[in-house]
Amino acid sequence: MVTIDQAKYLDRQDELQDYRHEFYIPKNRIYLDGNSLGLLSKRAEKSVVEMIDSWKNLGIDGWVDAEEPWFFLSERLGSMTAPLIGADPDEVIVTGSTTINLHQILATFFHPSSKRNKIIVDELNFPTDIYAVTSQLQSHRLDPEQHLIKVKSKDGHLLNEDDIVRVMTDEVAVIVLASVLYRSGQVLDMEYITKEAHKRGILVAFDLCHSIGSIEHSLSKWNVDFAFWCTYKHLNGGPGSVGGMYINRRHFGEKPGLAGWFGSDKDKQFDLEHDMTIANNSGAFQTGTPHLLSAAPLIGSLSIFKEVGMERIREKSLRLTQFMIELIDQELGSYHFIVRNPRQEKTRGGHVFLEHEEAARICKALKQNNVIPDFRAPNGIRLAPVALYNTFTEVWETVQILKQIMEEKQYNHFENKRDVIA
Ligand SMILES: *Cc1c(COP(=O)(O)O)cnc(C)c1O
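Every chain's residues receive numbers from 1 upward, in the order its sequence appears when written. For this predicted model, a pLDDT threshold of at least 70 governs which residues receive local features, and a threshold of 80 or more governs which side-chain atom pairs are given and counted, while totals over whole chains, interfaces and linings are taken from all residues. To get the side-chain values, take all heavy atoms of the structure and skip hydrogens and water.

The chain appears in an unreviewed UniProt entry as Kynureninase from Pseudogracilibacillus auburnensis. UniProt positions are given in the numbering used here, feature names are shortened, and annotations may be inferred rather than shown by experiment. Listed in UniProt under the heading Subunit (unreviewed entry), the comment for the chain reads: "Homodimer." According to its UniProt record, the chain has this under Cofactor (unreviewed entry): "pyridoxal 5'-phosphate".

### As for the overall build of the chain
Put simply, DSSP H or I for four residues or longer makes a helix, DSSP E for two residues or longer makes a strand, and each gets a number counted from the N terminus. In terms of regular secondary structure, the chain is built from 14 helices and 13 strands. The reference for a compact globule is 2.2 Å times residues^0.38; the radius of gyration itself is calculated from the C-alpha atoms. By the compact-globule yardstick of 22 Å for 422 residues, the chain fits well, its C-alpha radius of gyration being 22 Å. In terms of principal-axis extent, the alpha carbons of the chain reach across some 70 × 55 × 40 Å. Burial status follows relative accessibility: with a 1.4 Å probe on protein chains alone, a residue under 20% of its type maximum counts as buried, one over 50% as exposed, and anything between as partly exposed. Relative to its full complement of 422 residues, the chain shows a buried share of 57%. Only heavy atoms matter for contacts: two residues are in contact if any of them lie within 4.5 Å across the pair. In the chain, once contacts between residues fewer than 6 apart in sequence are set aside, the share between residues at least 24 apart is 72%. By element, 50% of the accessible surface of the chain is carried by carbon and sulfur atoms, the whole surface being about 18,800 Å². Only four residue types enter the charge count: Lys and Arg as positive, Asp and Glu as negative, with His and the chain ends excluded. Here the site of a charge means atom NZ of a Lys, CZ of an Arg, CG of an Asp or CD of a Glu. Within the chain, one finds 47 positive and 58 negative side-chain charges whose respective centroids are separated by 4 Å. The method behind every accessible area is Shrake-Rupley, applied with a 1.4 Å probe, and residues are considered shielded solely by the protein chains displayed.

### A word on helix 2 (residues 42–58)
What a helix is expected to span follows from its residue count: subtract one and scale by 1.5 Å. The end-to-end C-alpha separation of helix 2 is 24 Å, in line with the 24 Å expected for 17 residues at 1.5 Å each. The complete set of buried residues in helix 2 reads Ala-44, Ser-47, Met-51 and Ser-54. With its buried residues spanning 75° around the axis, helix 2 presents them on a single face. For helix 2, the exposed residues set more than 90 degrees away from the buried face come down to Lys-46, Lys-56 and Asn-57. Arc definition: it is the arc formed by the directions from the helix axis to the C-beta atoms.

### A look at the packing of helix 5 (residues 98–109) against helix 6 (residues 127–139)
All axes here are fitted lines through C-alpha atoms, helices being fitted over the stretch that makes contact, and every angle between N-to-C directions spans 0 to 180 degrees. In the contact formed by helix 5 and helix 6, the axes pass within 9 Å of each other and the chain directions differ by 30°. Between helix 5 and helix 6, the angle falls in the class roughly parallel. Classified by chirality, the crossing of helix 6 by helix 5 is right-handed. Across the interface between the two elements, Thr-99, Leu-102, His-103, Leu-106 and Ala-107 from helix 5 touch Thr-128, Asp-129, Ala-132, Val-133, Ser-135 and Gln-136 from helix 6. Each angle receives one of four descriptions, namely roughly parallel if under 35 degrees, roughly antiparallel if over 145, roughly perpendicular if within 65 to 115, and oblique otherwise. By convention, the crossing between two helices is left-handed when the near helix turns anticlockwise from the far helix through less than a right angle, and right-handed when the turn is clockwise.

### Examining the packing of aromatic side chains
Paired rings are identified among Phe, Tyr and Trp, the last through its six-membered ring, by centres lying within 6.5 Å, and are further divided according to the angle between planes into stacked (under 30 degrees), edge-to-face (over 60) and tilted (the rest). Throughout the structure, instances matching the rule amount to twelve aromatic pairs. Aromatic side chains Phe-23 and Tyr-389 sit 4.9 Å apart centroid to centroid with 55° between the ring planes, which places their arrangement in the tilted category. Of the two residues, Phe-23 sits in the loop between helix 1 (4–13) and strand 1 (30–31) while Tyr-389 sits in the loop between strand 13 (380–383) and helix 14 (392–407), which places them 366 residues apart along the sequence. Per residue, the accessibility class of Phe-23 equals that of Tyr-389, and both read buried. Taken together, the ring pairs in this structure connect Trp-63, Trp-70, Phe-71, Phe-72, Trp-261, Phe-262 and Phe-270 into an aromatic cluster. Here Lys-233 stacks its cationic end above the ring of Phe-126, 5.6 Å away from the centre of that ring. Against the face of Phe-71 rests Lys-266, its NZ or CZ located 4.4 Å from the ring centre. Two limits define a charge over a ring: the Lys NZ or Arg CZ must be within 6 Å of the ring centre, and within 35 degrees of the ring normal.

### Examining the UniProt feature "modified residue: N6-(pyridoxal phosphate)lysine" (unreviewed entry) in the chain
The UniProt feature table records "modified residue: N6-(pyridoxal phosphate)lysine" (unreviewed entry) at Lys-233. Its location among the elements puts Lys-233 in the loop between strand 7 (226–229) and strand 8 (244–247). Residue classification places Lys-233 among the buried positions, given a relative accessible area of 11%. In contact with Lys-233, other than residues within four places in its own chain, are Gly-34, Asn-35, Ser-36, Leu-37, Gly-38, Cys-209 and His-210.

### Thoughts on the UniProt feature "binding site: pyridoxal 5'-phosphate" (unreviewed entry) in the chain
Within this numbering scheme, the UniProt entry marks Thr-98, Thr-99, Phe-126, Pro-127, Thr-128, Asp-129, Asp-207, His-210, Tyr-232, Trp-261 and Thr-289 as carrying the feature "binding site: pyridoxal 5'-phosphate" (unreviewed entry). With a sequence span of 192 residues, these residues are also far apart in the fold, their greatest C-alpha distance being 30.5 Å. Mapped onto the fold, Thr-99 is located in helix 5. Look at Thr-99 and you get partly exposed, because its relative accessible area is 27%. Those residues within four positions of Thr-99 in sequence are excluded, and the remaining contacts are Thr-128 and Ala-132. When you line up the elements, His-210 lands in the loop between strand 6 (203–207) and helix 10 (219–222). Residue classification places His-210 among the buried residues on the basis of a relative accessible area of 6%. For His-210, the contacting residues outside a window of four places in its chain are Asn-35, Val-180, Tyr-182, Lys-233, His-234, His-351 and Arg-382.

### A look at a negative patch on the surface
The patch calculation keeps residues exceeding 30% relative accessible area without a salt bridge and links them within 9 Å when they carry like charges or within 5 Å when they are nonpolar (Val, Leu, Ile, Met, Phe, Trp, Tyr). One speaks of a salt bridge when a side-chain nitrogen belonging to Lys or Arg is within 4 Å of a carboxyl oxygen belonging to Asp or Glu. A contiguous patch of negative charge, built from Asp-267, Asp-271, Glu-273 and Asp-275, is present on the exposed surface. Structurally, the position occupied by Asp-275 is in the loop between strand 8 and helix 11 (292–308).

Next comes the structure, spelled out in structure tokens:
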């Protein structure tokens with residue numbers, strides 16, 4: 001039997017408890033949506049103000065004279081990100097967005113031949129990844145009907161790695177999969193998938209949107225070819241903050257498919273030659289001038305990750321989701337919720353995914369009760385207790401509120417329909 005006293009005890013024991021005070025928590029709310037938009041930290045706010053000040057005080061000289069010189073910021077943030085994914089500093093660059101970085105990876109490394117011309121994705125991935133892969137196939141005049149292989153899920157929620165291996169034929173050039181599935185929160189076995197793909201001469205790219213800042217990775221050790229991600233979810237970089245990309249060093253020197261002057265060797269860039277000298281690191285895959293105001297929050301935010309370390313974040317995250325699932329089992333047993341995320345630690349990501357036929361209305365009722373979940377059509381409720389700023393007591397309260405909503409059928413006051421943003 002899980003009790004409120006236990007929640008309070010776990011909070012008192014929590015090594016990371018002080019970090020909550022570094023964040024702006026929306027007043028009187030339980031914020032469980034950090035996997036869609038992470039909250040603002042005081043450090044991120046400070047680094048934005050410092051960026052504005054450097055512009056204010058230095059003008060053009062900010063490129064080299066700012067405390068974090070703008071000219072090198074994308075590389076510098078890449079090296080700050082590297083420990084989060086188990087990469088070398090020069091394998092990571094902060095640039096673009098998830099979608100554009102996937103385009104860059106495919107434009108650069110997908111060279112279809114008459115024999116190898118297919119791309120593997122899965123039927124559960126986020127639409128933007130599928131749109132990008134489809135348009136890249138079309139740019140080579142390849143029909144997605146023939147050349148896009150979608151791995152099926154047996155239950156509509158989870159993927160089986162061996163089903164992925166089974167479609168790795170010698171016609172496949174590249175595999176693009178999520179590390180953590182955005183609905184069920186399943187963590188795929190990236191090491192195994194990469195090993196099997198490489199045995200068959202296939203390149204592997206992972207979308208880390210739901211894993212970076214939430215779970216540990218060893219991309220270099222696993223020998224993953226490429227990865228890409230956004231920074232506004234678990235990394236708390238703010239709405240539209242600049243994305244990131246990992247390019248395994250064995251691919252350094254490849255000519256970027258979408259080339260631009262910021263991909264130049266830094267010493268040569270301002271020679272302004274028409275023959276491009278490509279940077280010999282992941283920086284080569286940048287295009288134009290970096291979005292510095294949208295990169296600035298990451299200076300502060302990533303410093304928190306550096307201080308805490310991914311091991312402690314993952315450890316607390318697993319305890320929070322475990323606590324939430326136990327409470328859901330204990331308190332909501334009679335209300336037809338289905339916990340859809342894997343329960344085993346190894347395959348459980350940073351959020352809990354509940355299904356209920358009244359999910360849309362239940363999410364609205366939760367919001368009215370000052371709990372912020374997110375709804376995933378047609379019937380999913382995502383609840384993400386985030387290690388850096390959520391508490392066990394909040395998890396306890398959330399489940400009590402959910403129970404009350406169900407007991408009183410509060411969801412009947414709302415329409416069972418999603419809003420424009422869900
Ligand atoms: C959030 C998310 C994206 C977002 O792509 P943007 O280019 O940042 O808008 C893409 N893929 C997945 C799997 C996501 O979860």
